[in-house]
Every structure is written in C-alpha cells, then in structure tokens.
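The chain contents come next:
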Number of protein chains: 8
Amino acid sequence: MSWTVYLSGEIHTDWRDQIIQGAKALQLPVQFTSPVTDHAASDAAGDLLGRERDDFWRDHKSSKINGIRTKTLIKRCDVAVIRFGDKYKQWNAAFDAGYCAAMAKPYITLHDENIVHALKEVDAAAMAWAKTPEQVVDVLKYVITA
Amino acid sequence: MSWTVYLSGEIHTDWRDQIIQGAKALQLPVQFTSPVTDHAASDAAGDLLGRERDDFWRDHKSSKINGIRTKTLIKRCDVAVIRFGDKYKQWNAAFDAGYCAAMAKPYITLHDENIVHALKEVDAAAMAWAKTPEQVVDVLKYVITA
Amino acid sequence: MSWTVYLSGEIHTDWRDQIIQGAKALQLPVQFTSPVTDHAASDAAGDLLGRERDDFWRDHKSSKINGIRTKTLIKRCDVAVIRFGDKYKQWNAAFDAGYCAAMAKPYITLHDENIVHALKEVDAAAMAWAKTPEQVVDVLKYVITA
Amino acid sequence: MSWTVYLSGEIHTDWRDQIIQGAKALQLPVQFTSPVTDHAASDAAGDLLGRERDDFWRDHKSSKINGIRTKTLIKRCDVAVIRFGDKYKQWNAAFDAGYCAAMAKPYITLHDENIVHALKEVDAAAMAWAKTPEQVVDVLKYVITA
Amino acid sequence: MSWTVYLSGEIHTDWRDQIIQGAKALQLPVQFTSPVTDHAASDAAGDLLGRERDDFWRDHKSSKINGIRTKTLIKRCDVAVIRFGDKYKQWNAAFDAGYCAAMAKPYITLHDENIVHALKEVDAAAMAWAKTPEQVVDVLKYVITA
Amino acid sequence: MSWTVYLSGEIHTDWRDQIIQGAKALQLPVQFTSPVTDHAASDAAGDLLGRERDDFWRDHKSSKINGIRTKTLIKRCDVAVIRFGDKYKQWNAAFDAGYCAAMAKPYITLHDENIVHALKEVDAAAMAWAKTPEQVVDVLKYVITA
Amino acid sequence: MSWTVYLSGEIHTDWRDQIIQGAKALQLPVQFTSPVTDHAASDAAGDLLGRERDDFWRDHKSSKINGIRTKTLIKRCDVAVIRFGDKYKQWNAAFDAGYCAAMAKPYITLHDENIVHALKEVDAAAMAWAKTPEQVVDVLKYVITA
Amino acid sequence: MSWTVYLSGEIHTDWRDQIIQGAKALQLPVQFTSPVTDHAASDAAGDLLGRERDDFWRDHKSSKINGIRTKTLIKRCDVAVIRFGDKYKQWNAAFDAGYCAAMAKPYITLHDENIVHALKEVDAAAMAWAKTPEQVVDVLKYVITA
C-alpha cells in the first residue's frame, strides 16, 4: 500500500531532500509532494496573470495560485510533515498545520527544541514532533512497514 | 439576528477591548468570544492536572486544555478576527487561520502593513484584512447591519 | 417552529418587500435575511479598509466583505429564494444557487418565463420555480403551516 | 502525480482545445474533463427518455441528465477552469463556480476584463482569474510542475 | 433539554396523534414535526405554482415542494419515527429512512409484524422497531427521561 | 475516465443483464456493481454466522451483512440505477434512493409509468426516470461519451 | 455562553454527581447530560418493545435504544468527559471516546493512574486526562470562565 | 473490484493470519491492513523520537505515532474486522469501533460468546458479529463475491 506524504514549511535548507533520500534508501512506498520551494518563483506566481502595482495584491494573487497546489496536495496526502526553521515567521507552515488539523489529516512537526514553546499549539494537534529529518524517516518507516 | 465573533491571536495589546467597546457603542448584536488571554494562566493550564517535569509536555498539556476552549469557540462562531502583532512568532494565530479556512469559517485578519508579505498565505484565505480595530468594527457593522 | 429564509439575487425591484409583507400578513414564523441590497454601499464595502487604485481589486475586496455576510446567512438559512430579473448578468445569484445546491440547502427560484431556458441548470437543482413574490409566499405558507 | 481539470462554461469558442493542446505540448500530466459541449445535444438530452410537450420540463429533464455528468466530473476534479464569454447569460457557469466554492474545490476563472465587475462575486471565491487560455496553461504548468 | 422528533410515513391512521397525545400526557419535552399529512393538499402542492398538463410533472413539482419541508424537518430533528401501514407502497417512508440512515440521524420504525420481512433493510438501519404508538412513546420517555 | 454504476433494486427480471450487455456492446468504460441478487442467498446471509430461532433477527442479521456490501458499493459508485418492478414492496430500493439522495450521489430510477404517482418522492430526488433498460444505456452513453 | 458537557462511562460511583455539584457550586454555565445510568433499566431498555428469548438480541435491542440517547447527546455536547473505573470492561466508554474522536468532539478522560497503559490510545486522542472529579471541574472552570 | 479490510484489535493470537490465509485460499480480491502487531515495538514507537522519563508521556507519544498508521488505514479501508480476546482491556479495539461507527465505516466484530454482554454497545453498531476467523472469511467471501 502506497503512501503520500506532503512536505510543508521551511524552504531554505535541504530537509526535504534528506527525507526523500532517506525514504528512497529504505525503499519505502512513499510519494512525496511539496509546495513550490523556489522562493522567487513562488512570490512571482501571480505575475503569470499580469503584474500588479500594489505589493499586497501581488502577494495575494501569488498566494492564491500557490494555494491551488498546496490545497490539492494536502487534500490528497495521507500524512504531512511540517517543518519550522530558525528564521522567518513561517506563518504559512502554521497555517498548513491548522488546515490539516481541521481536516483530520495527521501531521508530524519537524523543528528544533528551542522553538518548542512558541509552537505548542501546533505541536499539540500534531501526531509527532521530530527534531531531525532522520527521525521523520524513522517514523515513516515504522508507520508504513512495521 | 445575533452574530458570534471569535477574537483570536495576539494578547499583549488591548485590541480586543477596542473592538468590543466599538461594537457596544454601536449596539451591534454581537457576542464576542476569545481564547484565554492571560498569558501565565494559559501556560499553566495543564498544571491543573498535575505538574510536569518536562517543559515540552507541560506545554503540550496546557495547549490541549486551551484547545478545548478554542476549538469549541471557533466551531460556534460565525466569523473570526485573527490579530498578528509585531512581536513573537504567533504561530497559534496562523494555526487558527488555517483551521478556520479548512472549516469554511470566514475570518478577518488584523495586522500592520509591515508584515503583509509574511502573512500572504494567511491573508489569501481571509475574507478581509484590517489595519486597525476601528476598521474591524466598521466591517462588522457593515456586514451585520447594512 | 421558526424558519429562516434567505432572499438572494436581484436588488432593483421590491420583490423582497413583497415577500416579507406577504409573510407578515399571514403571520408566518419566518425570519428573512438578505445580502446588502444598497448597490453603491455594496460596491464600496471594501473602501472601509482603504481605497484601491485598481478596479479589479476594489471589487475583489468588496465582494469578500459581502461574502462574510452572504456565506454566513446562507449557512444559517433553512431555505433560500433566488431572484433573477430581466437585466444584468446576475452571476452572483447563480453563484448562490450553486453554493446552496452543493450544501444541500433547498432553494426556490423566482423569475419570469422568458429566461427559463437560460436558467435551466439553476432551476434543475431548485426545489421550486415561482413567477411572482405572491407564489413564493404561497409556497412558504404551505411548507411551513400546511 | 496526475491532475484532473474540469473545463466548465462557455461552449461557443475553442478555449477548451487551446488549453488541452497547450497542456499536451508541455506534456503536463493532466486529464481534462468537460460538460457536453454540443449545444443541441445538450438541450436534447432529456429526449432520450421521451419527448416533453412543455419547454420548461424538457429543459428540466435535460439539465438533470447533464447534471449527472457535471456533478460527477466536478466531484472528481482537482481544479476547475470556468470560462465566461461575451454573450449569453451563462448562469450555469456561475452555478458551477458556486458549487465548487461550497465544496472547497479550487477554480480558475477565464474571462475578459470588460466583465470583471459583473463577475466580482465569482472571482472573489476563485483562486485565480486568467484572461487567456495561454494564461490558464501557464498557471497549470506552474501549479503542477514548478 | 428539548428534543425534536419527526413523524414520517403513513397518513391514513391517527398514529401521529396517539404519539403526540401520549408524549403530552407524560409532559415529555418533545417538539413533534411532520410532513404535510393532508393527502389532497400534498398532491396539489405544485399547483400553487401553476397547473401542469402532465401527471408526472405535477407529481414532480408537488414532491419537490413537499421536499422543502421534509428535508428541512429531517435535518432539524433529533430522532425520526417512520411508520409503515398495511396498504400502499409507501416508498416515501422508506426513502426517508434511507435519507436518515445516510445522515446518521437515528430513527425508529413503527409497523406490524406481518411486514417484517419486506422491511428488513429498513429495520436493519433503524435504532428500534415498535409495533404500536404506545411503544414509541415508551421509548421516547425512556430515551429522554430515564 | 472510467465510471462505476451501482444497480439497485428489483431482482426478479434480467434488467441488470440488459444494461450490462447494452453498455458492453457500446464499449462504455463502466464497471457495474450490484447487491447480491440471489434471493435465497441474500435471505440466508446471516446464517453464515449461526442460525436464528426468531425470523425478525434472522432478517436483521442477513440485512446487516448485505448492508456491508450495499453500503460500500453505493459509497464507491458514481451513479446508481434504482429499479422498481411491478410486484413486492421493494422498500430496500426506496431506502437506497434516500441513502443516495442524502449522500448527493446521483441516481436514475427505472420503472413503468403505472407506478409514477407512488414513486413521486423517489423520482423527485432522482436525476432521471427511465422506462426501459435501453433508455438507461442511452443515458449512460450520453453522460459518459457525448 | 452556555456549554453542554456529556458525562460518559462508568456508572457505579458518584463521579457524575461530584462534577455536577462542583460546577453548580461555581455557577458554571454548563448543562450536563448522561447516558441512562440505572444499570438494570439500561439492560432492559429493549424489553419496552417486547421480550427476547435470546440474550444477544436482548442486549442488541437495548443497546440500540440506548444509542438513540447517547448518539444524540454526544452530537449535541461541546465536550465529553469519559470515565473509566477499576472494574468491568467498559468497552462502551472506549467506544464513545472513538466516536468523539472521529467527530472532532473534544473529550477529557477521567481515570486512575494504574490503567494509564491500557488506555493509551484513548488518552492519546483526548484533550486532557484527569484523575479526580475535582480536576474535571477545575478544567471546566478554566476552559469556560478563564 | 478490490476491497480493503482493516484488521483491528487483539494481537496475541494468530486470527489475522487465519483470515488472511482463508481469503487467499479463496482468491478473494482483498488487501488486508493492520496496526503494528508487535507489542514491544508498538509500545516503543515513541522512542524513535527520543526517550521519555515519564511513562504516561512515553505511552502518549507512542500511541500518537501508532495513530498515524491506524487513522490512515481505517480511513482507507472498506470494512474493518475488530477482534476482542479473552484477556486485557483492549480499549483500543473498542475505540476503533467507535471511530468506525462515527465515520460510517462498516465493521465486523470477532469475539467469543462469553463477552457478548460487555460488548453490547460495540456489537450494536457493528454490521456483524463473528465467533471465528472462518466465519469472517465466510462473510467476506459472501459480501465480495456472492
């Protein structure tokens, strides 16, 4: 039985690759999906439909186009992994967590110990909190093949 | 027809009071609800069921108890107002936004212009973005009585 | 047992008043709700949150604010009446019909015979098609008190 | 990961072909679905079950049969594209938009600038507004492969 | 805590009155609702919107108008009682049972022993099978006040 | 795109075969499913888990086992065809219709003209009424391939 | 804002009274609901509809009648408290917990420390675990009035 | 048409193997899924993310990780078989039953006669009660191939 895992959140480190490679090495039957992780492309998504003069609306337009992808991939995944890094607000990651929670879609958070307190509501609705991509792979391996 | 409005997010300024007083001055038929806004009490909610040695689990326990309230009040509201301030991560606010979005519960964001880019996914799923509590009251007045 | 009836669609004639007066004359236990029917106010709803330079975004902003009201009132109604007049595109009325259909919310259409063919998909998902406000009152009276 | 895209609305120009050919040229993993686009056949669908004397019921019968197809294809699609042309009322297209909105099915509108105001409620619930079939293909390409 | 009980099915005997009187005698906090039970009025409901030449469409029109009421009352009830008599096909009663089953709305069937085999699928999804109105009252009394 | 069609109702004539053969002759991409149509086997389903002394409970047990199949196949179908014959009560067919209606699963009824009045509520929620298996095949052909 | 709290599970000690009295002393705006807690009456519920020869079916019949009450009260509550005592299997309590979990209905478990391991799946989906009725009252007070 | 069957509950006997082998011998088109049935591994699942000092939280962490698997497999199954053995509390099995019931997922219980009374609420919401793995295979064979 194949699983689909959505990798949400932080886009500045290679955590997605680590998880994907780790799962591949174990030959786990997992299909990974992700939001667009090219920051500039993601910000410019709305430009495909014409440039905006106003920054707010440019962001708005881009976010909605990105939302077609993220909304669909979350709906189709079995599990989400949601990564919070050290920098930036990453409200989109917390938004995805809330979205998953309301849809009863199980998710695993991936973040360092130092932001535990700030993430307490997000972690409280999660099924697991991992500190490293290796741990995520361990959990996926266990969940899928044990 | 009475409306129920949930006031989510930042707890360090008096924005809730401003909205509540503004609505009262206009005699809007609105019942406002909120999460527990006493920071210390909120962090200590879990202690009601016994102290924890581990910070992560203390947070976890507290967040789940707070979740009984927030989950119920979000389910029962007609509209949510979600406030993002200048400080802190406020991931719980973004989490609530995602939760509302998935439940098709309309929400209004309330935040300054300088965090527009970071909030673009949250704003993209919102029904409105207000910059001041007065604007929120204006929108509620319009929506409810126009 | 009290009923809530949402009156959607055309805003240039007094069909809402006729229905409301007709129901009042019969003392039907109905609470009527409506979108904002002041055309200029409705178009300007977004201005409450600041003027836009671009017409598309002004419309967008206004429509979303109006959506807080319409979405909530549709969710809370038992039945909707959706009126199509002779002029204008009235796509919002057809949009509301599709929205009701997907939510299994029963609706009655109100329109003249000459637009029957154009409205066939909308009428096909309706529970009834009325030609006059009096007929709507008759149906409500029957449905609620027979 | 394959996507299913439903092409709703106007049937008098070749916009569907343009999108399908554009996606094919890019080898996008998309399966396109559509309502019956042969106008006469669509109007006559009900005749398969016997002719009607009354135009209203002929339309009604045909629309319901067409509804088996459209309802099913909307339910099974990931994204819908909803096209509004210059002529006709096209209430069925707006109906589909409302239906998608209520089912949390993301949709893209495709229409000229001159009908922006009339479509404001439909666009407000859309994830994107495209002016040309090429733009739709660009968005699909971005959403699916970026 | 008040309960709402929908009384569906057979309209040729006074079983509804027996249940209503029985509940009143016990002062049970129950609000009873019913479809229109005047057979002629029910068949003629569609005539409120104009006479039809074709019997099928007259029935169709009437049934949909009656459906506004029955659909709404079933949605709003806590429990349904569905009565099958000795005569007629009573497919509407079985239809209501299926509708309740799919909506996870608990229902009690009320019918004689001699039609047990024919009703086996309907009874299999019911929460109880009563043979007399008195038994229905006994069950309601137990369920609500025990 | 493949369709799944559930064939519910009457089991004493060969209408299912006629539809299946008709669809096969046209090479329609349809997978047909059905309840158990062997009457004796269906009545005896519960005996697999031990004989019952009481007829009511034997029926009950058998119906629930049959319900595993019918509930699952209805959930998985795109469209249902529900056949009513001249004899028997066939309350299970009407039950399936109500179940489909509540789940927004489109269905086509198949029955003779002489039972139109008794089936008016069932037909009112149907997407089409066919009089012959050939007509059902015509509708499926149109809906799937037009 | 009034809350409804369902008290599920063990019926041999006075934990319900302790919670109800504790809430009353604090004047919490809570309406408490419960299953039938008279063991003999609960076992005999089915006898209202006639005695059964077979113990399994007597239990079955009684459980379904009790299910009308429990299903309805769970659906209508905001929060459930689910109590596990020292004796008996209490599978109904665990069943209610699973039912609440699937319906996204928040629940608090109430049990001693010595059965923590056996209840780990039930506690994992709970919002809180209390050891005493006083703790439950403390949590309700906090959640409702803090 | 392939079926997916989830095998929940007791992990100390070989009932799962018996069912799987029985189905294989009959070449039933069934894919069986199960929770992790290695007791020690299941208890230690949480250790993959770091050891806990506190037994409650170790259990909690492990149960949530196991929940990723069980929640997903229940969501994806057509039918569940839920086994109760002679020993242990097995509250997780009853929890799964309640979870299935609320999701309208049909399930079959598998247990001896001596625990019938204690399981009455669980059996009341089940579609069948089997006493042996052979009977489960018989029911699956009937349901899938009759």
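Note that the structure is predicted; figures quoted are calculated from it, not measured.

Rules and cut-offs
Residues numbered from 1 in each chain as written. Chains lettered and ligands numbered in written order. Predicted model: local features only at pLDDT ≥ 70, side-chain atom pairs only at ≥ 80, totals over all residues. Heavy atoms only, no water. Helix = DSSP H or I, 4+ residues; strand = E, 2+ residues; numbered from the N terminus. Buried < 20%, exposed > 50% of the residue type's maximum accessible area, 1.4 Å probe, protein only. Contact = heavy atoms within 4.5 Å. Arc of directions from axis to C-beta. Salt bridge = Lys/Arg side-chain N within 4 Å of Asp/Glu carboxyl O. Buried area = accessible area lost by both parts, 1.4 Å probe. Polar contact = N/O pair within 3.5 Å; in protein donor to acceptor, adjacent residues only side chain to side chain. Nonpolar A, V, L, I, M, F, W, Y, C, P; charged D, E, K, R; others polar. Least-squares fit on C-alpha atoms with pLDDT ≥ 70 in both. Lys, Arg positive; Asp, Glu negative; His and termini not counted. pLDDT = per-residue confidence, 0-100. Phe/Tyr/Trp six-rings, centres within 6.5 Å; stacked < 30°, edge-to-face > 60°. Lys NZ or Arg CZ within 6 Å of the ring centre and 35° of its normal. Pairing = 2+ DSSP bridges. Right-handed = clockwise from strand over helix to strand, strands pointing away. Disulfide = S-S within 2.5 Å. Axes fitted to C-alpha atoms, helices over the stretch in contact; angles between N-to-C directions. Parallel < 35°, antiparallel > 145°, perpendicular 65-115°, else oblique. Left-handed = near helix turned anticlockwise from the far one by under 90°.

Colleague: Could you give an account of the overall build of chain A, naming the residues involved and the relevant values?
Modeller: Helices and strands together make up the secondary structure of chain A, namely six helices and five strands. Along chain A, helices (α) and strands (β) appear in the sequence β-α-β-α-α-β-α-β-α-β-α when read from the amino end. With the C-alpha coordinates of chain A rotated into their principal frame, the extents come out at 55 × 35 × 30 Å. Sorting the 146 residues of chain A into buried and exposed places 62% on the buried side. Excluding contacts between residues fewer than 6 apart, the proportion of contacts in chain A whose partners are at least 24 apart in sequence is 61%.

Colleague: Please provide a residue-by-residue account of helix α1 (residues 15–25) of chain H, values included.
Modeller: Residue and element names in this part refer to chain H. Turning to α1, its buried residues number three or more, namely Trp15, Arg16, Ile19, Gly22 and Ala23. Taken down its axis, α1 places every buried residue within 135° of arc, on the same side. Turned more than 90 degrees from where α1 packs its buried face, Lys24 and Ala25 sit exposed. Here the buried face of α1 lies against β1 (3–9), β2 (30–33), β3 (79–83), β4 (107–110) and α6 (133–145). Looking at the residues trailing α1, positive phi occurs at Gln27, about 55°.

Colleague: Provide a residue-level description of the pattern of salt bridges, including the pertinent values.
Modeller: Enumeration according to the criterion identifies 56 salt bridges over all chains in this entry. Put simply, Arg51 of chain G and Asp47 of chain G hold a salt bridge, and the shortest N to O gap is 3.5 Å. Residue classification places Arg51 of chain G among the exposed residues on the basis of a relative accessible area of 65%. Through salt bridges that share partners, Asp43 of chain A together with Lys120 and Glu121 of chain B make up one connected network.

Colleague: So what about the arrangement of the chains? Which residues, and what values?
Modeller: No interface is formed between chain C and chain F, the nearest pair of C-alpha atoms being 8 Å apart. Left apart from each other, chain E and chain H have a closest C-alpha approach of 8 Å.

Colleague: Mind laying out the interface of chain A and chain D, listing which residues take part and the relevant values?
Modeller: Accessible area lost when the parts come together is the quantity often used to give the size of an interface. Of the residues lining the interface, 21 residues belong to chain A; the matching set on chain D comes to 23 residues. When the buried surface of chain A facing chain D is broken down by residue, Leu49, Ile68 and Arg76 of chain A rank first, second and third, together holding 35% of it. Summed over the shared surface of chain A and chain D, the result is one salt bridge. Residue Arg76 of chain A is joined to Asp78 of chain D by a salt bridge in which the shortest nitrogen-to-oxygen separation is 3.1 Å. Across the chain A-chain D interface, the total number found is seven residue pairs in polar contact (both at pLDDT 80 or more). The element that contributes the greatest number of residues to the side of chain A that touches chain D is helix α3 (residues 55–76) of chain A, accounting for eleven residues. Looking at the side of chain A that touches chain D residue by residue, the classes come out as eight nonpolar, eight polar and five charged.

Colleague: Residues and numbers for the interface of chain B and chain A, please.
Modeller: Between chain B and chain A, the residue contacts involve 36 residues of the former and 36 residues of the latter. On inspection of chain B and its partner chain A, the count reaches two salt bridges. Across the pair Lys120 of chain A and Asp43 of chain B runs a salt bridge whose closest N-O atoms are separated by 3.6 Å. At the junction of chain B with chain A, the criterion picks out ten residue pairs in polar contact (both at pLDDT 80 or more). Residue assignment for the side of chain B that touches chain A shows that the elements contributing at least two residues are α2 (39–43), α3 (55–76), α4 (91–102) and α5 (120–124) of chain B. When residues of the side of chain B that touches chain A are assigned to their parent elements, the largest contribution, nine residues, is made by α4 of chain B.

Colleague: Any details on the relation of the copies chain B and chain A? Residues and values, ideally.
Modeller: Rotating chain B by 180° about the axis while translating it 0.0 Å along that axis superimposes it on chain A, leaving an RMSD of 0.0 Å. Taken together, the rotation and translation relating the two chain copies correspond to the operation of a two-fold axis. Of all interface residues in chain B, 100% are interface residues in chain A too; the two copies therefore contact each other through one and the same surface.

Colleague: Tell me about the side chain of Asp59 of chain G, and name the residues and values.
Modeller: Note on placement: Asp59 of chain G falls in helix α3 (residues 55–76). Buried and without a salt bridge, Asp59 of chain G has Lys120 of chain H as its closest oppositely charged side chain, separated by 5.5 Å. Leaving out residues up to four positions away in the same chain, Asp59 of chain G has contacts with Val116, His117 and Lys120 of chain H.

Colleague: Can you tell me about the confidence of the model for chain A, naming the residues and giving the values?
Modeller: With 100% of its residues at a pLDDT of 70 or more, chain A has an overall mean of 97. Among the prediction metrics, the complex's ipTM stands at 0.97, with pTM recorded as 0.98.

Colleague: I'd love a proper account of the packing of aromatic side chains, names of residues and values included.
Modeller: On inspection of all chains with the given rule, the structure shows 36 aromatic pairs over all chains. When the centroid spacing of 6.3 Å and the interplanar angle of 25° are considered together, the rings of Phe95 of chain B and Tyr99 of chain B count as stacked. One end of the pair, Phe95 of chain B, and the other, Tyr99 of chain B, are both in helix α4, four residues apart, so they sit about a helical turn from each other. The pair formed by Phe95 of chain B and Tyr99 of chain B is uniform in burial state, with each residue classed as buried. Grouping aromatic residues by their ring pairs yields a cluster made of Phe56 and Trp57 of chain A, Trp129 of chain B, Phe56 and Trp57 of chain C together with Trp129 of chain D. The ring of Trp129 of chain F has Lys131 of chain F sitting right over it, with the charged end atom 4.6 Å from the ring centre.

Colleague: Any details on the pairing of strand β4 (residues 107–110) of chain B? Residues and values, ideally.
Modeller: Residues and elements named next belong to chain B. Of the two faces of β4, the one carrying Tyr107 and Thr109 and the one carrying Ile108 and Leu110 are both buried. Relative to β4, strand β3 (residues 79–83) runs parallel, the two sharing four bridges. Bridge pairing links Val81 to Ile108 in β4. The parallel pair β3 and β4, bridged by α4, forms a crossover whose chirality is right-handed. Where β4 and strand β5 (residues 128–130) come together, three bridges link them in parallel fashion. The partner of Leu110 across the bridge, within β5, is Ala130.

Colleague: How would you sum up the relation of the copies chain A and chain D? Please name residues and give values.
Modeller: Between chain A and chain D, the superposition needs a rotation of 90° and an axial shift of 0.0 Å, giving an RMSD of 0.0 Å. Here the transformation between the copies is reduced to the relation of a four-fold axis. Closest approach to the rotation axis among the C-alpha atoms of chain A is made by Arg76 of chain A, whose C-alpha sits 8.6 Å away.

Colleague: Would you mind going over the side chain of Glu10 of chain B in detail, with residue names and values included?
Modeller: Residues and elements named next belong to chain B. Mapping Glu10 onto the fold places it in the loop between β1 (3–9) and α1 (15–25). Under the relative-accessibility criterion, Glu10 is labelled buried at 8%. Dropping the residues within four chain positions of it, Glu10 is found in contact with Trp15, Arg16, Arg83, Gly85 and Gln90.

Colleague: So what's going on with the state of the cysteines? Residues and values would help.
Modeller: Residues and elements named next belong to chain B. Under the counting rule described, the total for this entry stands at zero disulfides over all chains. Free cysteine: Cys77, not disulfide-bonded; nearest cysteine sulfur from Cys100 at 5.7 Å. On the accessibility criterion, Cys77 (2% relative accessible area) is buried.

Colleague: So, the sheet that holds strand β1 (residues 3–9) of chain G: which residues are in play, and what are the values?
Modeller: Overall, parallel pairing links the five strands, which are arranged β2-β1-β3-β4-β5 (chain G) in an open sheet. Taken across any chain shown, the strands that pair with only one partner, and hence form the sheet edges, are β2 (30–33) and β5 (128–130) of chain G. With direction set aside, neighbouring strand axes in the sheet form an average angle of 25°. Set on the sheet, α3 of chain B makes contact with β1, β3 (79–83), β4 (107–110) and β5 of chain G; between it and β1 of chain G the angle comes to about 125°. In this fold helix α1 (residues 15–25) of chain G packs onto β1, β2, β3 and β4 of chain G, with an angle of close to 160° to the strand it touches most, β1 of chain G.

Colleague: Describe the packing of helix α6 (residues 133–145) of chain A against helix α3 (residues 55–76) of chain H, naming the residues involved and giving the relevant values.
Modeller: Axes are the key here: two packed helices are described by the angle between their axes and the distance separating the axes. Running from N to C, α6 of chain A and α3 of chain H cross one another at 50°; their axes reach a closest spacing of 9 Å. The angle between α6 of chain A and α3 of chain H places the two elements in the oblique class. Regarding α6 of chain A and α3 of chain H, the two cross each other, and that crossing is right-handed. Across from Val139, Tyr142, Val143, Ile144 and Thr145 of chain A in α6 of chain A, the residues of α3 of chain H making contact are Ile65, Asn66, Ile68 and Arg69 of chain H.

Colleague: So what's going on with the packing of helix α3 (residues 55–76) of chain D against helix α3 (residues 55–76) of chain E? Which residues, and what values?
Modeller: Viewed as axis vectors pointing N to C, α3 of chain D and α3 of chain E meet at an angle of 65°, and their least axial separation amounts to 12 Å. Relative to α3 of chain E, the crossing made by α3 of chain D is left-handed. The segment α3 of chain D lies against α3 of chain E, with Trp57, His60, Lys61 and Lys64 of chain D engaging Trp57, His60, Lys61 and Lys64 of chain E. Considering only residue class, the contact of α3 of chain D with α3 of chain E consists of two nonpolar, two polar and four charged.

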